[in-house]
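Each chain, written out:
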Amino acid sequence: MRLADLRASWSGLTARGTSFLTAGVVALVCALLLGQADLVRVAGLLAALPLVVVLVMTGQRLQLAVARSTEPPRGSVGQEVEVAVEVVNRATTRTPVLLFEDQVPAGLLASTRVVLPPLRPRESAQVSYRLLATRRGRFAVGPARLVGAEPFGLVERTWEATSRDELLVRPVVTALPRVLPVRRTGRGGDSDLGGAGIVGDPDLNVREYRDGDDLRRVHWPTTARRGELMVRPDQHPQDHNAAVLLDTRADGQRGRDEASTLEVLVAAAASVVVHAADLGQRVVLLGDGEDPTAGSHDTAHRDDADDDPVEDALDRLAVARTTGPDSLAVAVEQLPGTHPSMVVALLGEVGPEDVDELAGSAREASRAALVCVSTRWEELSAARRRQVQDRHEAAVQRLQEAGWRVAPLHPGDDLALVWEQLGTSRVPV
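The paragraphs below set out a description of the structure included in this document. (Residues numbered from 1 in each chain as written. Predicted model: local features only at pLDDT ≥ 70, side-chain atom pairs only at ≥ 80, totals over all residues. Heavy atoms only, no water.)

### Considering unusual backbone geometry
- Between Glu 71 and the following residue, Pro 72, the backbone shows a cis peptide bond with an omega angle of 0 degrees.
- Residue Pro 143 is bonded to the preceding Gly 142 through a cis peptide linkage, with omega at 5 degrees.
- Here Pro 143 shows up in the loop between strand S8 (137-141) and strand S9 (144-149).
- With phi around 50 degrees, Ala 362 is a residue other than glycine that occupies positive phi space. (Helix = DSSP H or I, 4+ residues; strand = E, 2+ residues; numbered from the N terminus.)

### Looking at the packing of helix H8 (residues 352-359) against helix H9 (residues 382-401)
- H9 packs onto H8 with a crossing angle of 10 degrees between their chain directions and a minimal axis gap of 9 Å. Of the possible angle classes, the one that applies to H8 and H9 is roughly parallel. Note on element contacts: H9 touches H8 through Arg 391, Ala 394, Ala 395, Arg 398 and Leu 399, opposite Pro 352, Glu 353, Asp 354, Val 355, Asp 356, Leu 358 and Ala 359.
- In terms of residue class, the contact of H8 with H9 is made up of seven nonpolar, no polar and five charged. (Axes fitted to C-alpha atoms, helices over the stretch in contact; angles between N-to-C directions. Parallel < 35°, antiparallel > 145°, perpendicular 65-115°, else oblique. Contact = heavy atoms within 4.5 Å. Nonpolar A, V, L, I, M, F, W, Y, C, P; charged D, E, K, R; others polar.)

### Thoughts on the sheet that holds strand S5 (residues 108-110)
- The sheet built from four strands is open, its strands ordered S1-S3-S7-S5 with antiparallel pairing. At either margin of the open sheet sits one strand with a lone partner, and together these are strand S1 (64-71) and S5. With strand direction ignored, the average angle separating the axes of adjacent strands in the sheet is 35 degrees.
- By the bridge criterion, nine bridges tie strand S3 (residues 80-89) to strand S7 (residues 124-133) in an arrangement that is antiparallel. (Pairing = 2+ DSSP bridges.)

### Brief notes about the side chain of Thr 248
- Tracing the backbone through its elements, the reader meets Thr 248 in the loop between strand S16 (241-246) and strand S17 (255-256).
- Polar side-chain contacts of Thr 248 include one of 2.6 Å to the side chain of Thr 323.
- Setting aside residues up to four positions removed in sequence, Thr 248 forms contacts with Gln 253, Leu 262, Gly 287, Asp 288, Arg 321, Thr 322, Thr 323 and Ser 327. (Polar contact = N/O pair within 3.5 Å; in protein donor to acceptor, adjacent residues only side chain to side chain.)

### Description of the environment of Gln 253
- Residue position: Gln 253 is located in the loop between S16 and S17.
- As for Gln 253 and Val 350, which are separated by 97 residues in sequence, their C-alpha atoms are 9.5 Å apart.
- Only 3.3 Å separates the side chain of Gln 253 from the backbone oxygen of Arg 249, close enough to count as a polar contact.

Have a look at this one:
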């Protein structure tokens, strides 16, 4: 008998068990004072019962294996995730009725209490509960706490199953309208598809037949479906790359926790990644501090079927954090190597010096930027507010003069409506 088990059982005395023990002691004292032998026997029974139960519960051994699976495998903010739990009794004795409760961290809301029936040796039970994610990130679910009581209800014993499982929660993805022109860059030159030339297979860009086109490039499946001749233009590996550049510099972020520019930018980046993939673009995420050529960094949540740059980008955005002051400059240096046909920059608080190199990069691509109006996220003095606003306006002007479409981001903005502004943004010829 281990001392720790004895202490755990003793501390598990319920209100009923404490009442029995107290009543026995009081009855024993009264019996001795009054010389009542029969009362002594009653007092002994009242006091002994909870003590015997404590010893019985001390000898109770649980060997439970807990395994969890989630549906969907990855969650997103505001989405309910169902957690299926399998509990296996690995001991050689039958378990008591147990109250199962998983421990979940802040950021996940759940009622995880489930009653487990008695399990015979090697028997298993399946239970489930639902989680609601309130913020993105990687969360450890567990360990499970199991509470068992003996039939009299005098003692409750608590055990802990040490296993934990991780849940990855991605940012919310907003459906974006198709407003940006998509350019094809490559050895055949720079052509503007006007945001309307990608149809059919997302990996195959086709367009309407024009006089002089080589009939050998006719794409017959699409032609049959649309009822008009559709041809494949010259294809090159770099023709359809979308670079999503995320500003994660700590000194460029304002606000706190979920009401911060970083969270708005991360959610916007996730939406742009999915939008670009829907346009048939190969997506590259820059600026989150990871090497865009290194593949998935979330091996605990990936399988062979998920070897996808979009899935990888969303997983990276789920755990994106603030980075050093040079991360934006590093991302801009990496941009030419992606050979983008579309670039979307998601920027926090910036000045003209922060966007100078960015403004002149990827000139052959369709370029757009969403820039946080950081004065809206924090209270600033009048002088500081004017300074930040002047720097913001100078940065926006620098981008626009270089041919970028720019739209501002404010707290609480509807991302889809802000994105629509890019379609009407004036671009210098």
